[in-house]
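Descriptive structure summary
As a plain string of letters, each chain reads:
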Amino acid sequence: MGILEKISEIEKEIARTQKNKATEYHLGLLKAKLAKYRAQLLEPSKSAAAKGEGFDVMKSGDARVALIGFPSVGKSTFLSLMTSTASEAASYEFTTLTCIPGVIEYKGANIQLLDLPGIIEGAAQGKGRGRQVIAVARTADVVIMMLDATKGEVQRSLLEKELESVGIRLNKCKPNIYFKPKKGGGISFNSTVTLTQCSEKLVQLILHEYKIFNAEVLFREDCSPDEFIDVIVGNRVYMPCLYVYNKIDQISMEEVDRLARRPNSVVISCGMKLNLDYLLEKLWEYLALTCIFTKKRGQRPDFTDAIILRKGASVEHVALRPLAAYTHRLDPVSVWIHLCLSPQVSSFVSSGIFSSLSSW
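Everything numeric in this text was worked out from a predicted model, so none of it was measured. (Residues numbered from 1 in each chain as written. Predicted model: local features only at pLDDT ≥ 70, side-chain atom pairs only at ≥ 80, totals over all residues. Heavy atoms only, no water.)

1. With respect to the overall build of the chain
Let me state the cut-off plainly: Under the DSSP-based scheme used, a helix requires at least four consecutive residues in state H or I and a strand at least two consecutive residues in state E, with every element numbered from the N terminus. Burial classes: relative accessible area under 20% of the type maximum marks a residue as buried, over 50% as exposed, and values in between as partly exposed (1.4 Å probe, protein chains only). Note on contacts: a residue pair qualifies if any of its non-hydrogen atoms lie within 4.5 Å across the two residues. Using the Shrake-Rupley algorithm and a 1.4 Å probe, accessible areas are obtained, with residue cover drawn only from the displayed protein chains.
When its secondary structure is counted, the chain shows eleven helices and 15 strands. Looking at the 360 residues of the chain, the share that counts as buried comes to 40%. In the chain, the proportion of contacts linking residues at least 24 apart, taken out of those at least 6 apart, comes to 63%. Here the chain displays about 19,800 Å² of accessible surface, and carbon together with sulfur accounts for 51% of that area.

2. Some words on the pairing of strand E2 (residues 100–106)
So the rule is basically this: The criterion for strand pairing is that DSSP finds at least two bridges linking the strands in question.
One ladder, built from seven bridges, connects E2 with strand E3 (residues 109–115); its direction is antiparallel. When the sheet's bridge partners are listed, Ile-100 is paired in E3 with Asp-115. Linking two consecutive strands that pair antiparallel, namely E2 and E3, is a turn of two residues; a positive phi of about 55 degrees is found at Lys-107 within it.

3. Re the pairing of strand E4 (residues 142–148)
Among the seven residues in E4, seven count as buried, and that is most of the element. Residues Val-142, Ile-144, Met-146 and Asp-148 of E4 are buried on one face, and the alternating residues Val-143, Met-145 and Leu-147, pointing to the opposite face, are buried as well. For strand E1 (residues 63–69) and E4, the ladder comprises five bridges, and the chain directions are parallel. Looking at E4, one finds that Val-65 is bridged to Val-142. Examined bridge by bridge, E4 and strand E10 (residues 241–246) share six bridges and lie parallel to one another. Counterpart to Leu-147 in the pairing with E10 is Tyr-245.

4. Considerations on the packing of aromatic side chains
To keep things clear, this is the line we draw: The criterion for an aromatic pair is that two Phe, Tyr or Trp rings (for Trp, the six-membered ring) have centres within 6.5 Å, with stacked assigned to planes under 30 degrees apart, edge-to-face to planes over 60 apart and tilted to the rest. For a lysine, the NZ atom is tested; for an arginine, the CZ atom; a charge sits over a ring if that atom is within 6 Å of the ring centre and within 35 degrees of the ring normal.
Going through the model one piece at a time under the given rule, you end up with four aromatic pairs. Aromatic side chains Phe-179 and Phe-228 sit 6.4 Å apart centroid to centroid with 90 degrees between the ring planes, which places their arrangement in the edge-to-face category. Placement of Phe-179 in strand E6 (residues 177–181) and of Phe-228 in helix H8 (residues 225–233) is noted, with a sequence separation of 49 residues between them. Between Phe-189 and Phe-219 the ring centres are 5.7 Å apart and the planes differ by 55 degrees, which places this aromatic pair in the tilted class. Here Phe-219 lies in strand E8 (residues 215–219) and Phe-189 lies in strand E7 (residues 187–191), a separation of 30 residues in the sequence. Among the aromatic residues, ring-to-ring pairing joins Phe-179, Phe-189, Phe-219 and Phe-228 into one connected group. Between Arg-156 and the ring centre of Tyr-243, over which it is positioned, the NZ or CZ distance is 3.6 Å.

5. So, unusual backbone geometry
Here the phi dihedral of Lys-107 falls at roughly 55 degrees; this positive angle occurs in a residue that is not glycine. Tracing the backbone through its elements, the reader meets Lys-107 in the loop between E2 and E3. By relative accessible area, which is 49% here, Lys-107 ends up partly exposed. Backbone geometry places Ala-288, a non-glycine residue, at a positive phi of 55 degrees.

So, in structure tokens, the structure goes:
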């Protein structure tokens, strides 16, 4: 029996097993086995690597956004509208057969937008070019899931299932679980909160399924067995996702209002160029970027050229960012930074005089 058949059998058994106290240990083991087989399925084989080619697109700009969706939902049209890149768009499916990059220029930032080929149901198992598409999506900072507003919720649930099965967790935080394998001493289990979904026995059974018999486990929040398995596997990707419903000009206003009120959702029409500005604002918010403007001593700030950094960056990041390309030939210097939030509001931050910078 191949891996695909084993995965199918486990999924069927999970579906027909009732969820209660008596079956929670059995379900936990099944989910652990399912995660193992899916991880094996995603491992590229040597023969497959020699036959085909992937989407090797160099990461550039201040952030990377991946466009994911089923065929003919408007991804290529969206790329052409938002960037200067022309991506072929037609009324038939699978117009885009490879990854096409473009650049969105917004608030002084260069955001790389990747138009990926449409994926189909079963992409996680290798159907179509699903594996290559998903591999690129794992490297993005934000995923835009392009959906056809006329198809209801079917596309959204199918795409979420495909991405979930390959370890991409959308709009979720990493579980607050401390896990560290040891060389001996058995399994040490503790929790700082009351657990309602996991027990010490279930944790031990899951660890034994992964051939782990010595480890430290500390639950800092009430997590499910699936979240604990994610921590053990360790290759999960947690990223924000914007659900973009296209073609709203073809549905009723009541349906548009319902879709717009869903969490993490934006409604647009590429054909009529509706609500694209709001989508850019939401994308900027999800990327968590901020503009830093610099000034020379004794001169006015330069608001034409911004340094783009992630929110939470320190003055040290601001100081080192423009000088990163020249650090190999710079002597110790004095650095003065002027952070400007807007032309009206600014706060002067002096980083002091760096007599020496150890990283240089």
